[in-house]
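# Coordinate inspection notes
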Amino acid sequence: MPELDLHYLKNFISEEELSEAAPRAEKAAEVLFSKSGAGAEFTGFVSLPKGYDKEEFERIKAAAEKIRSQSEVLIVIGIGGSYLGARAVIELLTSPLRNRIKTDGPEIYFAGCNLSPDYMYELGEICKEKDFSVNVISKSGTTTEPAIAFRFFRKLLAEKYGREGARERIFCTTDRERGTLKALADSEGWETFVVPDDIGGRFSVLTPVGLLPIAAAGIDIDGLLAGAAAGAEEYSSGDFEKNAAIRYAAARNVLLEKGKTLELLVSYEPAFAQMAEWWKQLFGESEGKDGKGLFPCSAIFSTDLHSLGQFVQEGKRSLFETVVRFEKARHSFPVERDGENLDGLDFLAGMDLCEINEKARLGTLAAHTEGGVPNIVITVLEKSPYEIGKLIYFFEIAVSVSGYMLGVNPFNQPGVESYKKNMFALLGKPGYENMRAAIEAKLD
């Protein structure tokens, strides 16, 4: 697990077309595993599941227990890869409702991922009423959104617990040796964890970046890394027939070559929504450059069948679906019989909601493929740390191979800086004054 099913592509791409893509996929995999391609200095995630720092891993678990024992709330401050992976795993393996229902561990909220004054105010109000800790995640410490949030919550901690008390409630995940946040942490005595130099943010969920908040949520991070290690065994082969991650990358590229420009990642589990957000950054930031790449988008069915379903069924034939399905649910929920049967649903009596959900998936699969939408199906056994660790590794290998097949560097993101420069100029940041007039003219 996960299992890749390309069967539903048969009416859209031929076996010959997929076979013709195999050598390119294998070559791209060779480039990745030999570290001979563009961005090779950021491929540390490939060997991470077996080569991670065991001492730091134990410190992560100890810090997580400290957070769990002293805090009702954990504020995780970060943006992009500094928070998406952790949030994805936490919501998938606990519940999107974990902050509203009785769960094991503190409520977890994410800050520094937007610039909304209302959102920041409301988080502050929550923390005024409850004991809280902060995990700030930033390699530099100067990224605008998380830096503003950390300034606010650092002050709130000091006001509530004093400088000494705040020291015990601030945990920094940052550069090993340099940067504003590292210098501040060293001067204040905050515990620090390392953002690895050889792993980019969108690939960092299995590093301290993701592991500390995930562990604080009560999730078994040993199991998560064990699953990733199993993925490293299974997806590190360059053999097209033996490596599902390479076949997925190849199928995506063939579909792109045949005019499909959007990939819609679908799950029938609402808890998967944030995992889809992580996937969108992973694939969009890795492939979307040099005028190339598939546009990554997502949906939760059957919910979004009632909003996007019409377009998927009959709109412009520019997309394909990748459906992540879970074979087992954590809970049983049978439909009860109603004597009056006013809603006409007694034909479902005794049937479990899991089975109904699966029939909705199969019915949608038949309708969409008949309507001209190719489908790739990825089956995951269950929502467990082991299976999700393996799924994460699967996607990381697949996007790297896919990027090399496209002829781009999968590990940089030069386009991300453009909006920042414009924002700094408009805000009057020193050093950007000469850009302001030109930007304002463009906006007129």
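Everything discussed here concerns the structure shown above.
Residue positions within a chain follow its written sequence, with the count starting from 1. In keeping with the model being predicted, local features are shown solely for residues with a pLDDT of at least 70 and side-chain atom pairs are shown and tallied solely at 80 or more, while totals for entire chains, interfaces and linings include all residues. Hydrogens are left out, water is left out, and the side-chain values use all remaining heavy atoms of the structure.

We now examine the state of the cysteines. Here, the word disulfide means a covalent bond between the sulfur atoms of two cysteines. Note on terminology: pairs of cysteine sulfur atoms within 2.5 Å are recorded as disulfides. Going through the model one piece at a time under the given rule, you end up with zero disulfides. A disulfide-free cysteine, Cys113 has its sulfur positioned 14 Å from the sulfur of Cys127, the nearest such atom.

This part takes up the side chain of Arg361. Here a helix means four or more residues in a row that DSSP labels H or I, a strand means two or more in a row labelled E, and each is numbered from the N terminus. Turning to its location among the elements, Arg361 is positioned in helix H13 (residues 353–370). Under the scheme applied here, a residue whose accessible area is under 20% of the maximum for its type counts as buried, over 50% as exposed, and between as partly exposed, the area being computed with a 1.4 Å probe on protein chains only. On the basis of relative accessible area, Arg361 is assigned to the buried category, the value being 9%. Under this definition, polar contacts are N or O atom pairs within 3.5 Å; protein pairs additionally need one hydrogen-donor-capable and one acceptor-capable atom, and for neighbouring residues in sequence, both atoms have to be side-chain atoms. Within polar-contact distance, the side chain of Arg361 engages the side chain of Glu358 at 2.8 Å. Should any heavy atoms of two residues lie within 4.5 Å, those residues are considered in contact. Once residues within four sequence positions are removed from consideration, Arg361 is found in contact with Tyr268, Val323, Arg325 and Val377.

Turning our attention to the sheet that holds strand S5 (residues 170–174). One requirement defines pairing of two strands: DSSP has to find at least two bridges between them. If you walk across this open sheet you meet the five strands as S3-S2-S4-S5-S6, and the pairing is parallel. Each of the sheet's edge strands pairs with one partner strand only, and the pair in question is strand S3 (107–111) and strand S6 (191–194). Neighbour-to-neighbour, the strand axes of this sheet turn through a mean angle of 20°, independent of strand direction. Both strand S2 (residues 73–77) and S3 contribute to a ladder of five bridges, which runs parallel. For helices, the axis comes from a line fit to the C-alpha atoms of the stretch in contact; other axes are also lines fit to C-alpha atoms, and the angle between any two N-to-C directions lies between 0 and 180 degrees.

Mapped onto the secondary structure, Asn375 falls in strand S10 (residues 375–380). Note on Asn375: relative accessible area 2%, which makes it buried. Here Glu321 takes part through its side chain, which lies 2.9 Å from a polar atom of the side chain of Asn375. Excluding residues that lie within four positions of it along the chain, Asn375 makes contacts with Asp5, Tyr8, Leu9, Glu321, Val323, Leu365, His368 and Thr369.

Time to look at the pairing of S3. The element S3 is largely enclosed, with a buried count of five among its five residues. Side chains Glu107, Tyr109 and Ala111 of S3 all project onto a buried face; the interleaved residues Ile108 and Phe110 project onto the opposite face, where all are buried too. By convention a crossover is right-handed if, when the strands point away from the viewer, the path from the first strand over the helix to the second runs clockwise. Handedness of the S2-helix H4 (residues 84–93)-S3 crossover: right-handed.

Glancing now at the pairing of strand S7 (residues 262–267). Of all the six residues making up S7, five are buried; the element is thus mostly covered by neighbouring parts of the structure. Relative to strand S8 (residues 295–300), S7 runs parallel, the two being bridged by six bridges. Bridge pairing links Val266 to Ala299 in S8. After leaving S7, the chain enters helix H11 (residues 273–287) and then returns to the sheet as S8, a path that is right-handed. Of the strand pairs in this sheet, S7 and strand S9 (residues 319–326) are connected by six bridges, and their pairing is parallel. What sits directly across from Leu262, in S9, is Leu319.

A separate point is the sheet that holds S10. The mixed open sheet is built from five strands, whose spatial order is S1-S10-S9-S7-S8. Every other strand in the sheet has two partners, leaving strand S1 (3–5) and S8 as the edge strands with one partner each. This sheet shows a mean twist of 20° between the axes of neighbouring strands, independent of strand direction. As paired strands, S9 and S10 are joined by six bridges and run parallel to one another. Note on S10: the bridge partner recorded for Val324 is Ile378. Packed onto the sheet, helix H14 (residues 385–406) meets S7, S9 and S10 and runs at close to 145° relative to S10.

Let us now look at the packing of helix H1 (residues 15–33) against helix H10 (residues 244–257). Running from N to C, H1 and H10 cross one another at 120°; their axes reach a closest spacing of 9 Å. If you check the angle between H1 and H10, you find them oblique. Handedness of the crossing formed by H1 with H10: right-handed. Of H10, the residues touching H1 (which contributes Glu17, Leu18, Ala21, Arg24, Ala25, Glu26 and Ala29) are Ile246, Ala250, Ala251, Val254 and Glu257. Residues of the contact of H1 with H10, tallied by class, amount to eight nonpolar, no polar and four charged. To sort the angles, those under 35 degrees are grouped as roughly parallel, those over 145 as roughly antiparallel, those from 65 to 115 as roughly perpendicular, and the leftovers as oblique. Should the near helix be turned anticlockwise from the far one by less than a right angle, the crossing is left-handed, and should it be turned clockwise, the crossing is right-handed. Here the nonpolar group is Ala, Val, Leu, Ile, Met, Phe, Trp, Tyr, Cys and Pro; Asp, Glu, Lys and Arg are the charged ones; every other residue, Gly included, is treated as polar.

What follows is about the packing of aromatic side chains. Pairing of aromatic rings covers Phe, Tyr and the six-membered ring of Trp, with a centre-to-centre limit of 6.5 Å; geometry is then stacked below 30 degrees between planes, edge-to-face above 60, and tilted otherwise. Taken as a whole, this structure holds 21 aromatic pairs when the rule is applied. Between Tyr83 and Phe110 the ring centres are 5.8 Å apart and the planes differ by 50°, which places this aromatic pair in the tilted class. Highlighted residues: Tyr83 in the loop between S2 and H4 and Phe110 in strand S3, separated in sequence by 27 residues. An identical accessibility class is assigned to Tyr83 and Phe110; each is buried. When the ring of Tyr404 is compared with that of Phe411, the centres are 6.0 Å apart and the planes differ by 70°; the resulting orientation is edge-to-face. Ring pairing ties together the aromatic residues Tyr235, Tyr248, Trp278, Trp279, Phe283, Phe394 and Phe395, which thus form one cluster.

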